[in-house]
Each structure stands twice: as structure tokens, then as C-alpha cells.
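Here is what each chain is made of, one letter per residue.
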Amino acid sequence: MAALLGLGMFLAGCDLSRSLGPAGSAAPVGPASEPAARPLSDDSIAARAYYGRIETAARARGQLRTDGGGTDTPFSADDLARNFERIAFFDEFQPVGGQLVARSTESTLHRWQGAVRVDVVFGDSVPLDQRARDRAEIAAYLARLSDLTGLPIRMTGFAPNFSVMILNEDERRGAGPGILDFAPAIAPEALASAVGMKPDTYCTVFSFSAAGSATYARALAVIRGELPDILRLSCIHEEIAQGLGLVNDSPRARPSIFNDNDEFATLTRQDELMLRMLYDRRLSPGMGLSQAAPTVVAIAAELMGGEIIAALP
């Protein structure tokens, strides 16, 4: 889930990772000095069991693949161009009546121009071993995204402009002040959707740009801490990539994490190519679809070499 909102001001953060308590207050706590995690609440225990069953059932159906695609998921240059257009030039959600509603609407290309500094914030009750795994997964993923986009992307506590909050139920409900500290211009609908996340929403991301600009200056992802490992990794992959500019989903995109069918949990070969396209210098922030379409087709043809290929890991 991604939404484009206006940016009001910039704030600086502190450490590599922070801990967020139930009242939403953030304290600069580095990995080496983290206190023991608070016990899980009854709500979080129930949520962990619920999402564990969902992951088990999805894996049994062959969903949440981590192989990047294969001979069963071929795609052509035309597929790549079409999917990129739908995912990069359309917003997924719109504010309606005080809520964010799924409504695909044509927009312009948005992306980052400078360094992306990612801060990871954990809820106080997220187990320490889980925090360590998530930090390692995110750091490795950011290095991969940096290679694909050409952007400097790294995990740091120095002046972060992309916050990834991994919160259990109680911390997320009380995270409003912490979210507003990081993104004071967040729309009320967006804040409400993050704090009051519905059970069928596992994670969300919001990207911010200054008024009249198509260049991102800040992004915020909120991920349920109760998710089991593969579902949580899926959220990490999709939300951070969407926060870089691939904001929409498409039911025709395969193999891709930008598809609500949950077939893939982690970035696929086609997703990698779409990220390369997004940050190709022949495209620029603010370009509309009609203006960009010929260039998109040309870039897709170059990347694919005119062939239909399987998405190998």
C-alpha cells in the first residue's frame, strides 16, 4: 500500500535503530545497548498466531515464493513496459471521506534524487532476535536496491529520510506521536490507516514530496511486528521498493511483488528491471505517462534484448 502526500518539514533522527513504546515515544537505542523486549500483550500473541496460520496456508498453496520467478513465469519486453507503466504512473490509493480507498489513479513518475537514509524503529515488545534478523535483512536489501537504482541507499541513524517502523499491536496503536514527529505533514487519513491498521493489512508505506515536486524527500513504512518471517520479509521488500517510486499494484504483473495475489514474497527479476527503469536517466520526475511511454518501451526492449525470458533467481 502506497500513498503520495505533501511534505511539510524535515526532521533529523539519531541512531541505527530505535525503540518505540506504547505511547509512541522514540528513544535512541543502538543494537548493543537494547534492553530486553517487553512481554507480548494478549493482542499481539493472538495476532502472531493468526498471521502464522495465514503464512502456513499461503505457503501450502505455493504462494510467497522467494525464488524470483522461473521458467513458469516468462515475460517479454512488452510485458515489462506495460507493467512498469501501470505500477510507476498510477497511485494505488486516494483519500475519500476521511479514509484511504483503493482507487488506481493516473499520476506522474515520482522518485528520489539523492541519498536515501533508512532508519529502523522497533516496538518495545518486538523480540531482540527478530530485530537482529530484520536489521540484517534490511541492510542486505538496501545494498541490493542501491545497486539497482544507482542511489546511495543505506541504513543509518544520521538524518534519516526513510523510516521503517516494525511495531506490534500496542506500539502501533500508540505510534501517532512518533509518526508525526517524523512526518508532520502526513494526512489524517494516512495516519489513521497506519495507527488503526485493519487485520487484512499487513503493512503500508507513504512517500512524501514537497508541494509541486515529483521528487521524494521522505518516506515512512509501518510493518506489523507480529508477522511471521516470510510475511514480514515480504512487507520489507514491497514497502521499501514502493517507497522508492513503484507505488501501484497490478494483477497482470507476473512475476512481481507488485501484485496483490501474494504469489511472490521477495523482489523478482522483473521487479529488478522495473527499478532499473524507474531510475534510468532518460526518465525524470514529473513525466506523465503519454510523454514517457515511448522511452519506457525503448528501455524495456534494451533490458530484455528483444527476447522473452524466464525470471531466474
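What you see is a predicted model, and the numbers here were worked out from it, not measured in a lab.

### So, the overall build of the protein chain
Argument step 1. The helix and strand inventory of the protein chain stands at nine helices and 13 strands.
Argument step 2. The burial tally for the protein chain puts 56% of its 313 residues in the buried class.
Argument step 3. Across the protein chain, contacts joining residues at least 24 apart in sequence account for 73% of those joining residues at least 6 apart.
Argument step 4. For the protein chain, the computed accessible surface area is about 12,500 Å², with 55% contributed by carbon and sulfur atoms.

### Remarks on the nonpolar core
Grouped burial of nonpolar side chains is what soluble globular proteins tend to show.
Argument step 1. Grouped together as the largest cluster of nonpolar side chains are 68 residues, with contacts concentrated most on F84 and F162.
Argument step 2. Residue contacts for F162: discarding those within four places in its chain leaves W112, V116, R117, V118, D119, F182, V205, A219, A221, E239, I240 and G243.
Argument step 3. Residues L167, A183, A190 and M197 belong to the second largest nonpolar core, which totals 17 residues.

### Thoughts on the pattern of salt bridges
Argument step 1. According to the stated counting rule, one finds 21 salt bridges in the structure shown.
Argument step 2. Of the charged contacts, one joins R232 and D134 as a salt bridge, the two residues approaching to 2.9 Å between their closest N and O atoms. Linking R232 in helix α7 (residues 229-243) with D134 in helix α3 (residues 128-149), this pair joins segments that are 98 residues apart in sequence.
Argument step 3. One continuous salt-bridge network, built from bridges that share partners, spans D43, E169, R172, R173 and R224.

### With respect to helix α1 (residues 42-60)
Helical geometry: 3.6 residues make up each α-helical turn, so side chains three or four residues apart lie on a common side.
Argument step 1. A rise of 1.5 Å per residue sets the reference length of α1, with its 19 residues, at 27 Å; its end C-alpha atoms lie 27 Å apart and thus fit the reference within 8%.
Argument step 2. Taken as a whole, α1 has its buried residues at S44, A47, Y51, E55 and A58. An end-on view of α1 places all buried positions within 70° of arc, on one side of the element. Opposite the buried face of α1, at more than 90 degrees from it, the exposed residues are D42, R53, T56 and A60.
Argument step 3. Along its buried surface, α1 packs onto α4 (169-173), β12 (215-224) and α7.
Argument step 4. Positive backbone phi, at 85°, marks G62, one or two positions downstream of α1.

### Some details on the side chain of R232
Argument step 1. Judged by relative accessible area, R232 falls into the buried class, the value being 3%.
Argument step 2. Beyond its immediate chain neighbours, meaning those up to four positions away, R232 contacts Q130, R133, D134, I166, I223, R224, G225 and L227.

### Concerning empty space enclosed by the protein
Argument step 1. Applying the stated criterion across every chain, the model contains one cavity of 30 Å³ or more.
Argument step 2. By volume, the largest cavity is sized at about 30 Å³.
Argument step 3. Lining the largest cavity we find S234, E238, I257, N259, D262 and F264.
Argument step 4. Here the lining of the largest cavity is built from residues that sort into two nonpolar, two polar and two charged.

### Side note on the packing of helix α8 (residues 269-278) against helix α9 (residues 289-304)
Argument step 1. Interaxial distance between α8 and α9 falls to 11 Å at its minimum, and their mutual angle equals 130°. Classified by the interaxial angle, the pair formed by α8 and α9 is oblique. Between α8 and α9 lies a crossing of right-handed hand. Along the contact surface, α8 presents L273, R276 and M277, while α9 presents V296, I299, A300, L303 and M304.
Argument step 2. When the residues that make up the contact of α8 with α9 are grouped by side-chain class, the tally is seven nonpolar, no polar and one charged.

### Digging into the pairing of strand β11 (residues 203-209)
Argument step 1. The buried fraction of β11 is high, at seven of seven residues.
Argument step 2. Residues C203, V205, S207 and S209 of β11 are buried on one face, and the alternating residues T204, F206 and F208, pointing to the opposite face, are buried as well.
Argument step 3. Two elements, β11 and β12, share seven bridges in a ladder whose sense is antiparallel. Looking at β12, one finds that C203 is bridged to I223.
Argument step 4. Counting the residues that bridge the hairpin from β11 to β12 gives five residues, and of these G212 lies at a positive phi of roughly 80°.

### Some points on the packing of aromatic side chains
Argument step 1. The tally for this structure, following the rule as stated, stands at five aromatic pairs.
Argument step 2. Centre to centre, the rings of Y50 and Y51 are 4.9 Å apart; their planes meet at 70°, and the pair counts as edge-to-face.
Argument step 3. For Y51, a relative accessible area of 2% gives the class buried.
Argument step 4. Relative to F162, the ring of W112 lies with its centre 6.3 Å away and its plane at 15°, an arrangement referred to as stacked. One end of the pair, W112, is in strand β7 (residues 111-112); the other, F162, is in strand β10 (residues 162-167), with 50 residues separating them in the sequence. Of the two residues examined, W112 and F162, each falls in the buried class.
Argument step 5. One aromatic cluster is present, formed by Y50, Y51 and Y202 through successive ring pairs.
Argument step 6. For R218, the ring lying beneath its charged end belongs to F182, and the centroid distance is 4.5 Å.

What counts as what
Residues numbered from 1 in each chain as written. Predicted model: local features only at pLDDT ≥ 70, side-chain atom pairs only at ≥ 80, totals over all residues. Heavy atoms only, no water. Helix = DSSP H or I, 4+ residues; strand = E, 2+ residues; numbered from the N terminus. Buried < 20%, exposed > 50% of the residue type's maximum accessible area, 1.4 Å probe, protein only. Contact = heavy atoms within 4.5 Å. Areas by Shrake-Rupley, 256 points an atom, 1.4 Å probe, with all protein chains shown as cover. Core = buried A, V, L, I, M, F, W, Y, C linked by side-chain atoms within 4.5 Å. Salt bridge = Lys/Arg side-chain N within 4 Å of Asp/Glu carboxyl O. Expected span 1.5 Å × (residues − 1). Arc of directions from axis to C-beta. 1 Å grid on protein atoms, 1.4 Å probe; cavity = no way out; pocket = protein on both sides within 12 Å on 5 of 7 lines; lining within 4 Å. Points joined across faces, edges and corners; volume = space filled by probe spheres on them. Nonpolar A, V, L, I, M, F, W, Y, C, P; charged D, E, K, R; others polar. Axes fitted to C-alpha atoms, helices over the stretch in contact; angles between N-to-C directions. Parallel < 35°, antiparallel > 145°, perpendicular 65-115°, else oblique. Left-handed = near helix turned anticlockwise from the far one by under 90°. Pairing = 2+ DSSP bridges. Phe/Tyr/Trp six-rings, centres within 6.5 Å; stacked < 30°, edge-to-face > 60°. Lys NZ or Arg CZ within 6 Å of the ring centre and 35° of its normal.

So yeah, pure geometry; function would need other evidence.
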